[in-house]
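Observations on the three-dimensional arrangement
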Amino acid sequence: MKAPEQVARYLKSEALPLFWCPGCGNGIILGSMLRVFNRMQLAPERTVVTTGIGCWGKADDYLKTNSIHGTHGRALPFATGVKAANGDLTVLALMGDGDCATIGGNHFLHAARRNINVTAVVSNNFNYGMTGGQYSATTPVESYTSTSVYGNPEGDFDICEIAVAAGATFVGRSTVYHVNLLERILEAAIRHKGFSLVEIFSSCPVYYGRYNQHPTPVDMMNLWKSGAVPVERYRAMEEAEQADYFPIGVFHSDDRPDFNTRYEKIQRAAEARMGERT
Ligand code: SF4
């Protein structure tokens, strides 16, 4: 299969067709990433993606950038190591909700707190798709999965709110229906200097959708289309009204110094003190 010229520089055509189920949102996210890479003219040899395990964790199979396919929940530690040692590389950690907020939850908190200059691209499909549709930390309370067939008894995390609270300096959300917004946020996140997180509500008609009365790809798209409101409008709503919607857009952006900037400053100070002693 031959890739369109604009994305051929980044897409491993020989790995096609995609592994994902028909109607899965991951192909849409991958397409957006390829177009944003092309728009930014990122050099593939200066770009690194890290992944863990899960459906979206397969994304590195299709990219011509450098990649590290690691263990479950560890995409961010790998990304942190790469960026700390090679500050001029563009580094992205591609994670599902399991990798980012469930198994990888602790690493997520500390990457945000540390403000490491990495972009986390989180495909949130509200369940563990690859292993059979079990519930994760983002599965909405009382919704159905293969391990909560009578309803999920646990509360669910809001990944964007946690990222802001933990210290991330750029946080945004889109859906696989709102592709233009997704690409604008993704580009801004990659350009941002500091820990940036882009959450994408993604379709999993095969598991999450089928268990929750959205069994087709179109049903899932309608869910994103009808439920999303711009974050500014969402914040102005009464609490009761908010229950029927979810916010999309840029939640937070600030210019606190990133980890490498702070580390280099401390390193210079340490070298100056050592110079005084000799
Ligand atoms: Fe996509 Fe769900 Fe299939 Fe995984 S199980 S590839 S998330 S549709």
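Reference entry: report on the structure contained in this document. (Residues numbered from 1 in each chain as written. Predicted model: local features only at pLDDT ≥ 70, side-chain atom pairs only at ≥ 80, totals over all residues. Heavy atoms only, no water.)

**Examining a nonpolar patch on the surface**
On the surface, Phe-19, Ile-53 and Met-130 cluster together to form a nonpolar patch covering roughly 250 Å² of accessible area. What makes Met-130 partly exposed here is its relative accessible area of 36%. (Patch = residues over 30% accessible without salt bridge, like charges linked within 9 Å, V, L, I, M, F, W, Y side chains within 5 Å. Areas by Shrake-Rupley, 256 points an atom, 1.4 Å probe, with all protein chains shown as cover. Salt bridge = Lys/Arg side-chain N within 4 Å of Asp/Glu carboxyl O. Buried < 20%, exposed > 50% of the residue type's maximum accessible area, 1.4 Å probe, protein only.)

**Quick word on the sheet that holds strand S3 (residues 90–96)**
Backbone hydrogen bonds hold the strands of a sheet together, and the pairing may be parallel or antiparallel. Ordered in space as S2-S1-S3-S4-S6-S5-S8-S7, the eight strands form an open sheet in which the pairing is mixed. The two strands at the open ends of the sheet, each matched to only one other strand, are strand S2 (66–69) and strand S7 (228–230). Going across the sheet, the axis of each strand differs from the next one's by a mean of 20°, ignoring polarity. Where S7 and strand S8 (residues 246–253) come together, three bridges link them in parallel fashion. Looking at S8, one finds that Pro-230 is bridged to Ile-248. (Pairing = 2+ DSSP bridges. Helix = DSSP H or I, 4+ residues; strand = E, 2+ residues; numbered from the N terminus. Axes fitted to C-alpha atoms, helices over the stretch in contact; angles between N-to-C directions.)

**Let's talk about the nonpolar core**
Within the largest apolar cluster, 40 residues are counted, with the highest numbers of intra-cluster contacts made by Met-33, Phe-37, Trp-56, Leu-63, Leu-94 and Val-121. The set of elements that each furnish at least two residues to this core consists of helix H2 (26–40), S3, helix H7 (179–191), strand S6 (196–201), helix H9 (217–227) and S8. It is H2 that contributes the most residues to this core, seven residues altogether. (Core = buried A, V, L, I, M, F, W, Y, C linked by side-chain atoms within 4.5 Å.)

**Considering the packing of aromatic side chains**
Counted by the stated rule, this structure contains 10 aromatic pairs. Both rings, one in Phe-126 and one in Trp-224, keep their centres 6.1 Å apart while their planes meet at 25°; by these two values the pair is stacked. Placement of Phe-126 in the loop between strand S4 (119–124) and helix H6 (159–166) and of Trp-224 in helix H9 is noted, with a sequence separation of 98 residues between them. The class for Phe-126 is buried, based on a relative accessible area of 9%. Taking the relative accessible area as the measure of exposure, Trp-224 reaches 3% and is therefore buried. A ring pair is formed by Phe-201 and Trp-224, whose centres lie 5.8 Å apart and whose planes are at 50°; its orientation type is tilted. Here Phe-201 is found in strand S6, whereas its partner Trp-224 is found in helix H9, with 23 residues between them in sequence. Phe-201 gets classed as buried once you look at its relative accessible area, which sits at 8%. Counting every residue linked through ring pairs, the aromatic cluster contains Phe-126, Phe-201, Tyr-208, Trp-224 and Phe-246. Taking NZ or CZ as reference, Lys-58 lies 5.0 Å from the ring centre of Phe-19, over its face. When the ring centre of Tyr-211 is taken as reference, the NZ or CZ atom of Arg-210 above it lies at 5.4 Å. (Phe/Tyr/Trp six-rings, centres within 6.5 Å; stacked < 30°, edge-to-face > 60°. Lys NZ or Arg CZ within 6 Å of the ring centre and 35° of its normal.)

**A closer look at the pattern of salt bridges**
Here the structure, examined in full by the defined rule, presents eight salt bridges. One salt bridge in this structure joins Arg-46 and Asp-88, with 2.7 Å as the shortest N-O distance. Highlighted residues: Arg-46 in the loop between H2 and strand S1 (47–51) and Asp-88 in the loop between helix H3 (75–85) and S3, separated in sequence by 42 residues. Judged by its relative accessible area of 37%, Arg-46 is partly exposed.

**A closer look at the pairing of strand S5 (residues 170–175)**
The element S5 is extensively covered by neighbouring structure, given that six of its six residues are classed as buried. Of the two faces of S5, both are covered, the one formed by Phe-170, Gly-172 and Ser-174 as well as the one formed by Val-171, Arg-173 and Thr-175. Summarising the sheet, S5 and S6 pair through six bridges and their orientation is parallel. Note on S6: the bridge partner recorded for Gly-172 is Val-198. You can see the chain leave S5, run along H7 and come back into S6, and the turn it takes is right-handed. Pairing between S5 and S8: four bridges, direction antiparallel. (Right-handed = clockwise from strand over helix to strand, strands pointing away.)

**Here we look at the site of the ligand**
Neighbouring residues of the ligand: Trp-20, Cys-21, Cys-24, Cys-55, Asn-125, Gly-129, Cys-204, Pro-205 and Tyr-207. Most atoms of the ligand, that is more than half of them, are within 2 Å of grid points of the second largest pocket. Looking at the shell around the ligand residue by residue, the class counts come to seven nonpolar, two polar and no charged. (Near = heavy atom within 4 Å. 1 Å grid on protein atoms, 1.4 Å probe; cavity = no way out; pocket = protein on both sides within 12 Å on 5 of 7 lines; lining within 4 Å. Sits in = over half its atoms within 2 Å of the grid points. Nonpolar A, V, L, I, M, F, W, Y, C, P; charged D, E, K, R; others polar.)

**Some words on the layout of surface pockets**
Over the atoms rolls a probe the size of a water molecule, and its path tells where empty space is left. Computed from the structure, the largest pocket encloses a volume of approximately 720 Å³. Taken together, 29 residues form the lining of the largest pocket, with Phe-126, Pro-140, Asp-156, Phe-201 and Phe-246 sitting closest to its centre. Broken down by secondary-structure element, the contributors of at least two residues to the lining of the largest pocket are H6, S6, H9 and S8. In terms of residue count, H9 provides more of the lining of the largest pocket than any other element does, four residues in total. Of the residues assigned to the lining of the largest pocket, the class counts are 14 nonpolar, nine polar and six charged. In this structure, the second largest pocket spans a volume of roughly 370 Å³. What lines the second largest pocket is a set of 30 residues, and nearest its centre among them are Gly-54, Cys-55, Asn-125, Gly-129 and Met-130. (Points joined across faces, edges and corners; volume = space filled by probe spheres on them.)

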